[in-house]
Amino acid sequence: MNLINGKEVAAKVKNDVRGDAEYLSDCFGVKPGLAVILVGDDPASAVYVKNKTKDCAEVGFESFEHILPASTTQEELMALVKQLNADKKVHGILCQLPLPKHLNEREIINAIDPKKDVDAFHPENVGRIMIGDYDFLPCTPAGVMELIHSAGISVSGKKCTVIGRSNIVGKPMAMLLLHENGTVTVCHSKTRNLAEECKDADILVAAVGRAKLITADMVKEGAVVIDVGMNRDENGKLCGDVDFESVKDKAGFITPVPGGVGPMTRAMLMKNTLTAYKKAFGIR
Ligand code: GUN
């Protein structure tokens, strides 16, 4: 078994971003800026937002936190997005999801300037990913591809199984694997025989949000196993969608939780913000 160390790969990505940001900030007289919006008091979301601010400081970006109460109205949130769209110091905008139930998530996402949409959730960016002509990739699937590349694994011709079909991870993940010529199967809650689909996979990406769902009997000997899950086990300990202890001896490559995909998602957000900044100044 080879462990794919997400912390190490993420540190490398952030290091490259920091170097570019430092140089370009001197050239243009302004740092890359990321605005993060958090509505309400979901504790997990609060941690994610704090980490994003920390990452920005680490790579030399300006960060703008907008922490709003759960009672925020759709109109107030829309007004903030419009203000950030027009702000020259803001190159990337991220609205932390999920939003409180009374807010219309889709309308907010659609209001973000696609050029500042560092999540790549806007329909324009989603569409561009479909046709393979994009500036941004959603952070988690992009991070997974970086991890696969970092381990020297080629996707071309391989059987890839993605478990989960969310707009944030599963669907774009399948598309990125397809772009690299994988033969892709997407599984979900209605899939008839999940174990069989998984067992066929040379590359297995689990993104369902069910603790330790993937056990050793569902994994092909030597497979690449990427765990996007972020769950709590019966003892309240952080764990993935993969039963790491049993799968690690069967997999050829495996990512741990924590320390696998999570740090990569954060690193790719920094990379996307740098891309948005560069594009704002007309460079690639
Ligand atoms: N909530 C969980 N993951 C994400 C993400 O990647 N982006 C945003 N905006 N919210 C999230």
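Peer 1: Tell me what's going on with the site of the ligand, and back it up with residues and numbers.
Peer 2: What surrounds the ligand is the set Leu94, Cys95, Gln96, Leu97, Asp119 and Phe121. Residue Leu97 places a main-chain N or O atom 2.9 Å away from a nitrogen atom belonging to the ligand. Contacts to the ligand include Asp119, whose side-chain N or O atom sits 2.6 Å from a nitrogen atom. By residue class, the composition of the shell around the ligand is four nonpolar, one polar and one charged.

Peer 1: Quick rundown of the sheet that holds strand S2 (residues 33-39)? Include the residues and the values.
Peer 2: Within the open sheet, the three strands sit side by side as S3-S2-S4. Their pairing is parallel. At either end of the open sheet lies a strand with only one pairing partner, and these are strand S3 (62-68) and strand S4 (92-95). Strand after strand, the sheet turns through a mean of 15 degrees between neighbouring axes, direction not considered. Here S2 pairs with S3 via seven bridges, running parallel. Bridge pairing in S3 links Val36 to Glu65.

Peer 1: Provide a residue-level description of the pattern of salt bridges, including the pertinent values.
Peer 2: Considering all chains together, one arrives at 14 salt bridges under this definition. Note that Asp233 is salt-bridged to Lys212, the shortest N-O span being 3.7 Å. Pair noted here: Asp233 is in the loop between strand S9 (231-232) and strand S10 (238-239) and Lys212 is in the loop between strand S7 (203-206) and strand S8 (224-227), with a separation of 21 residues, a long-range link. Of the residues examined, Asp233 reaches a relative accessible area of 12% and is grouped as buried. Of the residues examined, Lys212 reaches a relative accessible area of 30% and is grouped as partly exposed. Salt-bridge contacts for Glu245 lead to Lys248; the nearest nitrogen and oxygen are separated by 3.3 Å. Taking relative accessible area as the criterion, Glu245 reaches 53% and is therefore assigned exposed.

Peer 1: Just give me the short version of a nonpolar patch on the surface, but keep the residues and values in it.
Peer 2: There is a patch of nonpolar side chains on the surface, built from Val47, Tyr48 and Met230 and spanning about 270 Å² of accessible area. Within the secondary structure, Tyr48 is located in helix H2 (residues 43-59). On the basis of relative accessibility, which here comes to 36%, the residue Tyr48 falls in the partly exposed class.

Peer 1: Mind laying out the nonpolar core, listing which residues take part and the relevant values?
Peer 2: Phe61, Ile148, Leu177, Ile203, Val205, Ile226 and Met270 are the most contacted members of the largest nonpolar core, which has 52 residues in total. No other element matches the nine residues that helix H10 (residues 261-280) contributes to this core. In terms of nonpolar packing, the next biggest core, distinct from the first, is built from 19 residues, Val39, Cys95, Ala111 and Phe121 among them.

Peer 1: So what about H2? Which residues, and what values?
Peer 2: Its 17 residues give H2 an end-to-end C-alpha distance of 25 Å, which sits within 8% of 24 Å, the value for a rise of 1.5 Å per residue. If you check which residues of H2 are buried, you get Ser45, Val49, Asn51, Lys52, Asp55, Cys56 and Val59. Viewed end-on, H2 has its buried residues packed into an arc of 160 degrees, placing them on one side of the element. Facing away from the buried side of H2 by more than 90 degrees, the exposed set consists of Pro43, Lys50, Lys54 and Ala57. On its buried face, H2 sits against helix H1 (6-28), S2, S3, S4 and H10. Phi for Gly60, located one or two positions after H2, is positive at around 80 degrees.

Peer 1: How would you explain the packing of aromatic side chains if you had to name every residue and give the values?
Peer 2: Going through the model one piece at a time under the given rule, you end up with three aromatic pairs. Relative to Phe281, the ring of Phe28 lies with its centre 4.1 Å away and its plane at 0 degrees, an arrangement referred to as stacked. Here Phe28 is found in helix H1, whereas its partner Phe281 is found in the segment after H10, with 253 residues between them in sequence. Take Phe281: its relative accessible area is 32%, and that puts it in the partly exposed class.

Peer 1: Tell me about unusual backbone geometry, and please be specific about residues and values.
Peer 2: The omega torsion across Leu97 and Pro98 is 0 degrees, close enough to zero to call that bond cis. Positionally, Pro98 belongs in the loop between S4 and helix H4 (105-111). Along the chain, Val257 connects to Pro258 via a cis peptide bond; the corresponding omega equals 0 degrees. The topology assignment puts Pro258 in the loop between strand S11 (253-254) and H10. A positive phi angle is found at Ala120, which is not glycine, with a value near 60 degrees. Position of Ala120 among the secondary structure elements: in the loop between H4 and helix H5 (123-130). A positive phi is found at Asn181, a non-glycine position, where the angle reads about 70 degrees. Turning to its location among the elements, Asn181 is positioned in the loop between helix H7 (170-179) and strand S6 (183-187).

Conventions and cut-offs
Residues numbered from 1 in each chain as written. Predicted model: local features only at pLDDT ≥ 70, side-chain atom pairs only at ≥ 80, totals over all residues. Heavy atoms only, no water. Near = heavy atom within 4 Å. Polar contact = N/O pair within 3.5 Å; in protein donor to acceptor, adjacent residues only side chain to side chain. Nonpolar A, V, L, I, M, F, W, Y, C, P; charged D, E, K, R; others polar. Pairing = 2+ DSSP bridges. Helix = DSSP H or I, 4+ residues; strand = E, 2+ residues; numbered from the N terminus. Axes fitted to C-alpha atoms, helices over the stretch in contact; angles between N-to-C directions. Salt bridge = Lys/Arg side-chain N within 4 Å of Asp/Glu carboxyl O. Buried < 20%, exposed > 50% of the residue type's maximum accessible area, 1.4 Å probe, protein only. Patch = residues over 30% accessible without salt bridge, like charges linked within 9 Å, V, L, I, M, F, W, Y side chains within 5 Å. Areas by Shrake-Rupley, 256 points an atom, 1.4 Å probe, with all protein chains shown as cover. Core = buried A, V, L, I, M, F, W, Y, C linked by side-chain atoms within 4.5 Å. Expected span 1.5 Å × (residues − 1). Arc of directions from axis to C-beta. Contact = heavy atoms within 4.5 Å. Phe/Tyr/Trp six-rings, centres within 6.5 Å; stacked < 30°, edge-to-face > 60°.

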